[in-house]
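# Structural overview for review
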Amino acid sequence: MIAAARARSSPYIRRTPIISTRPGELGLHHGVALKLELLQYTGSFKPRGAFNRMLAAGDDMPAAGVVAASGGNHGAAVAFAARRLGVQAEVFVPSSSPAMKRDRITSFGATVHVVDGLYDDAQVAATARQAESGALMVHPFDHIDVVAGQGTLAAELDDQLDSYDTLLVASGGGGFTAGQAAWVRDTRKIVSVEPATSRCLHAALEAGTPTPVEVAGLAADSLGARQLGAVSWSIVESFVDAAVLVTDDDIRAAQQILWQELRLVAEPGGAAALAALRSGAYVPEPGERVIVVVCGSNCDPATVTT
């Protein structure tokens, strides 16, 4: 499915670069490769899944267009893809989502509805609207076409690198992580990274089943799902090798060093995977070839550069 997703969506997706650091850079004793997915259209990896979901619908796209719920990045991707494909889009966002993310969704032409609460509250409202309008639901992580679209990143890596051992990925509802795991399977190690205050993938692995968690913290707008998606879990339980947690302080420090040394503005969720290496939450073996996905840039630059 990921190969088909790549063939389908590649005309609409930017091939994002990889840069390699030397030992001593980014506060690390070892070098690391960074996959700069924050340079993807709309500033995050989300267009990969959004485009594939819509393109896979083909002639079954409803006249009402698409509807989605989002903390911000997925909504921007849905709005961007809908405009590119000529369909209407409605996006439900939580009141906890930063105003700049809501404004970005609006700038791409979608109708935005603000719902009191967190992401899951917005999803309830979006589901109700879908039932009323008949629009196509573009779920941010719990649909196989979205997960397959996200997995095109790992497929792209295979074209860009001869080989690597481990991929570090930030997890929210699990769709992005599941997409990489579905492509890599047992050939390489997949490490999920989450904030300690929003840890639904980690909790699912501990419990042996998706289970609800409390959501809070610096990266809650992008990594703040209360429960891992069922589609994600069907892949994660078999192919994610490790799940580690980082603190808000770890994430903030990773954001700042990405700016200070590389002049990259990464949002909290986008810097979380690097935070796992810098904090020691994940410690590579000697000689282990690690890729870190820097997956989002949608934040006020002043929160990073000052």
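Overview of the structure.

What counts as what
Just so you know, the residues in each chain are numbered from 1, in the order the chain's sequence is written. Side-chain atom pairs in this predicted model are given and counted only at pLDDT of 80 or more, local residue features only at pLDDT of at least 70, and totals for whole chains, interfaces and linings cover all residues. Side-chain metrics in this entry use all non-hydrogen atoms of the structure; hydrogen atoms and water are not considered. Elements are defined by DSSP. Helices are runs of H or I of four residues or more, strands are runs of E of two residues or more, and each kind is numbered from the N terminus. Contacts between residues were defined by any pair of non-hydrogen atoms, one from each residue, lying within 4.5 Å. Fitting a line to C-alpha atoms yields each axis, with helices limited to the stretch in contact; the angle taken between N-to-C directions then spans 0 to 180 degrees. Note that the term roughly parallel is reserved for angles under 35 degrees, roughly antiparallel for angles over 145, roughly perpendicular for angles of 65 to 115, and oblique for everything else. Each residue is assigned to one class: nonpolar for Ala, Val, Leu, Ile, Met, Phe, Trp, Tyr, Cys and Pro, charged for Asp, Glu, Lys and Arg, and polar for all the others, Gly among them. For two strands to count as paired, DSSP must find a minimum of two bridges between them.

Looking at the element boundaries, Ala273 is found in helix H13 (residues 268-279). Remark: the alpha-carbon pair of Ala273 and Ser171, spanning 102 residues in sequence, is separated by 8.9 Å. Among all residues touching Ala273, those that are not within four sequence positions of it are Leu168, Val169, Ala170, Val193, Val292 and Val293.

So, on to the side chain of Asn52. The topology assignment puts Asn52 in helix H2 (residues 47-57). Excluding anything up to four places from it in sequence, Asn52 contacts Ala5, Arg8, Asp145, Ala148 and Gly149.

Contact geometry of helix H7 (residues 152-160) with helix H8 (residues 175-184) gives a least axis separation of 7 Å together with a crossing angle of 45°. Classified by the interaxial angle, the pair formed by H7 and H8 is oblique. Contacts between H7 and H8 pair Leu153, Ala154, Ala155 and Asp158 from the former with Phe176, Gln180, Trp183 and Val184 from the latter. The class makeup of the residues in the contact of H7 with H8 is six nonpolar, one polar and one charged.

Here four strands make up an open sheet; going across it, the order is E5-E4-E3-E6 and the pairing parallel. Since the sheet does not close on itself, it has two edges, and those belong to strand E5 (111-115) and strand E6 (136-137), each with one partner. The sheet contact formed by strand E3 (residues 66-69) and strand E4 (residues 89-94) spans four bridges and is parallel. Within E4, the position partnered with Ala68 by the bridge is Val91.

Locating Gly65 in the fold gives a position in the loop between H2 and E3. When the C-alpha positions of Gly65 and Gly134 are compared, they lie 8.4 Å apart, and in sequence the two are 69 residues distant. Sequence-distant contacts of Gly65, that is, excluding residues within four places in its chain, are made with Val87, Gln88, Ala135 and Leu136.

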